[in-house]
Structure formats: C-alpha cells, structure tokens
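# Structure assessment
Residues per chain, in single letters:
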Amino acid sequence: MRIEPKLIAAGKVLDTLGKDAKVASVSVDGTSLEAFTTPEGMYRLANVPAGDVTMRVSHAGLASQSAAVRVTPGQAVSQDFELVPGLGASAARTGEVVK
C-alpha cells in the first residue's frame, strides 16, 4: 500500500485596507477542508487533494474570493487572497505553485 504525501496549501489573507484579515474562512470546494486565518491573516490547509482545485475565502461583510489552484504532489501551494467590499459578489484569481 502506497501512502500519499500530505499536500499543504498555505497563504495570507488581507482585508480591504491591506491589513491582516482575522478569522477569514478558507476552504477547498468539493471537500470538507476548511481553515480560519490567524490574527496575522495566515492560514494552512493539510491533506489537500492533488489536481486542479478551487480554493475559496470568505469573511463577514466582504465579497468571497476564489482561486483556481493546481496541487502537485511534492510541492507546497501558496495562495494569497485580498478581500474586497461587497456582499454576494465574488472574484477569482489564478493560484501559484511554489517549491
């Protein structure tokens, strides 16, 4: 039996003023994976499935953001988000894979 490595996605979330977004929710669509940002706006998700996924961030009173991200075994995924004002609106970004 082959054990797959635990794939990690991590990054930073900023609010509308460019400051650390505290307690923003970051999730991976189609999974139960969810993390909340630290007081410094950082998040980390473990066990992210390999392949193309959509990551989503939301925060009360701000528009949700999504990003298409390619998760490759053996590589860490870094995805930052900048929240924008508005309710019910959303914006999309393309993710970046880093070694």
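Our subject is the structure that appears above.
Predicted, not measured: the structure shown is a model, and the values here were computed from it. (Residues numbered from 1 in each chain as written. Predicted model: local features only at pLDDT ≥ 70, side-chain atom pairs only at ≥ 80, totals over all residues. Heavy atoms only, no water.)

With that settled, the discussion passes to the environment of Ala-10. Its place among the elements puts Ala-10 in strand β1 (residues 9-14). Overall, Ala-10 belongs to the partly exposed group, its relative accessible area being 26%. In sequence terms Ala-10 and Asp-80 are 70 residues apart; their C-alpha atoms lie 7.9 Å from each other. Setting aside its immediate chain neighbours within four residues, Ala-10 contacts Tyr-43, Arg-44, Val-77, Ser-78 and Gln-79. (Helix = DSSP H or I, 4+ residues; strand = E, 2+ residues; numbered from the N terminus. Buried < 20%, exposed > 50% of the residue type's maximum accessible area, 1.4 Å probe, protein only. Contact = heavy atoms within 4.5 Å.)

Two faces belong to every sheet, and in a regular strand the side chains alternate between them. Counting buried residues in strand β6 (residues 62-71) gives eight out of ten residues, a clear majority hidden from the surface. Looking at chain direction, strand β5 (residues 51-58) and β6 are connected through seven bridges and run antiparallel. Paired with Val-53 across the two strands is Val-69, which belongs to β6. If you look at the hairpin formed by β5 and β6, you'll find three residues sitting between the two strands, and Gly-61 has a positive phi there, around 85°. Two elements, β6 and strand β9 (residues 84-85), share two bridges in a ladder whose sense is antiparallel. By the bridge assignment, Ala-63 is partnered in β9 with Val-84. (Pairing = 2+ DSSP bridges.)

Counting 21 residues, the largest nonpolar core has Val-13, Val-26, Leu-45, Met-55 and Phe-81 as the members making the most contacts within it. Broken down by secondary-structure element, the contributors of at least two residues to this core are β1, β2 (25-28), β4 (42-45), β5 and β6. Not counting the four nearest positions on each side in its chain, Leu-45 is found in contact with Leu-7, Ile-8, Ala-9, Val-26, Val-28, Leu-33, Glu-34, Ala-35 and Met-55. (Core = buried A, V, L, I, M, F, W, Y, C linked by side-chain atoms within 4.5 Å.)

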